[in-house]
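# Reading the structure
Below are the chains, spelled out letter by letter.
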Amino acid sequence: MAGGGRARPNILVTGTPGTGKTTTCSLLADATGVCHINVGDVVREKGLHDGWDEEFECHIINEDLVCDELEDKMEDGGNIVDYHGCDFFPERWFDCVVVLQTDNSILHDRLSSRGYMGPKLINNIECEIFQVLLEEAKASYPEDIVIALQSDTVEDISRNVTKLTEWFNNWRPRRSS
Ligand code: ADP
Ligand code: MN
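Residues numbered from 1 in each chain as written. Chains lettered and ligands numbered in written order. Predicted model: local features only at pLDDT ≥ 70, side-chain atom pairs only at ≥ 80, totals over all residues. Heavy atoms only, no water.

You'll find the chain entered in an unreviewed UniProt entry as Adenylate kinase isoenzyme 6 homolog, with Musa balbisiana given as the organism. The UniProt entry for the chain carries this comment under Subunit (unreviewed entry): "Interacts with small ribosomal subunit protein uS11. Not a structural component of 43S pre-ribosomes, but transiently interacts with them by binding to uS11." Listed under Sequence similarities (unreviewed entry) in UniProt, the entry text for the chain is "Belongs to the adenylate kinase family. AK6 subfamily." (UniProt positions renumbered as here; feature names shortened; annotations may be inferred.)

Shown next, in the form of structure tokens:
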């Protein structure tokens, strides 16, 4: 049930690494006062993983442990969840699912300057080219709550934060019947 009893909405911001999720979420948290949950940080801090993936140099996250960890907060509402995956969260958690998208060559430069190379770089660029996160979001959530936003420039970030802040401020809880 969407909006099940929450006084404030939950937003999921997803997208390929480097599309600007964390930057966008921190600005949105500043503008709205909601809690920014960077799932990668929670996984590291609480050890919610099953070891390290050598090829892709990232933790193999334990999805069940992550969902258990976040359940109470999500029930309260007022969270922005920041993660490069979206198919394992309960559908009922989110009132809006934002997929950030970036032009391939811009993303390539961002990830290279972040030190990504080899299979990790190629995998992420392909993920963006094939719109993997948009498809995953559409397959996992009602189509009318999924929105794709372009994130190529700092102006895009400002526009996206303004738009999402307005959405957040206009959101009203649904009456449960
Ligand atoms: P993510 O959390 O999706 O991996 P970040 O927010 O950490 O992405 O952004 C990665 C890098 O790219 C940062 O240095 C950030 O400043 C830059 N960046 C992200 N989005 C944009 C954008 N729309 N315009 C310009 N730079 C951006
Ligand atoms: Mn991030």
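Here we come to the pattern of salt bridges. Pairs can form between side chains of opposite charge once their charged atoms are near each other. A complete count under the given rule lists five salt bridges for this structure. Between Arg 44 and Asp 41 there is a salt bridge; the shortest N-O distance is 2.6 Å. Of this pair, Arg 44 and Asp 41 both sit in helix H2 (residues 39-46), three residues apart, which is roughly one turn of the helix. Taking relative accessible area as the criterion, Asp 41 reaches 30% and is therefore assigned partly exposed. As a salt-bridge pair, Glu 71 and Arg 92 come within 3.0 Å of each other at their nearest N and O atoms. Of this pair, Glu 71 sits in helix H3 (residues 63-76) while Arg 92 sits in the loop between strand S5 (79-82) and strand S6 (96-101); the two residues are 21 residues apart in sequence, bridging distant segments of the chain. (Salt bridge = Lys/Arg side-chain N within 4 Å of Asp/Glu carboxyl O. Helix = DSSP H or I, 4+ residues; strand = E, 2+ residues; numbered from the N terminus. Buried < 20%, exposed > 50% of the residue type's maximum accessible area, 1.4 Å probe, protein only.)

Take the sheet that holds strand S7 (residues 146-150) next. Taken together, five strands build an open sheet; the order of strands is S2-S5-S1-S6-S7 and the sheet is parallel. Edge positions in the sheet fall to strand S2 (35-38) and S7, since each has one partner strand and no second. Looking at each pair of strands side by side, their axes are set apart by 20° on average, direction ignored. Docked against the sheet, H2 engages S2 and S5, running at close to 65° with respect to S2. Contacts from helix H6 (residues 132-140) reach strand S1 (10-14), S6 and S7, with the element oriented near 165° to S6. (Pairing = 2+ DSSP bridges. Axes fitted to C-alpha atoms, helices over the stretch in contact; angles between N-to-C directions. Contact = heavy atoms within 4.5 Å.)

Close contacts around ligand 1 come from 15 residues, with Gly 18, Lys 21, Thr 22, Thr 23 and Arg 114 the closest. Residue Thr 153 places a main-chain N or O atom 2.9 Å away from a nitrogen atom belonging to ligand 1. The fraction of the free accessible surface of ligand 1 (550 Å²) that becomes covered by protein chains is 73%. For the shell around ligand 1, the elements supplying multiple residues, two or more each, are helix H1 (21-32) and helix H7 (154-170). If one sorts the elements of the shell around ligand 1 by residue count, H1 sits on top with three residues. Its residues assigned to classes, the shell around ligand 1 shows three nonpolar, eight polar and four charged. (Near = heavy atom within 4 Å. Polar contact = N/O pair within 3.5 Å; in protein donor to acceptor, adjacent residues only side chain to side chain. Areas by Shrake-Rupley, 256 points an atom, 1.4 Å probe, with all protein chains shown as cover. Nonpolar A, V, L, I, M, F, W, Y, C, P; charged D, E, K, R; others polar.)

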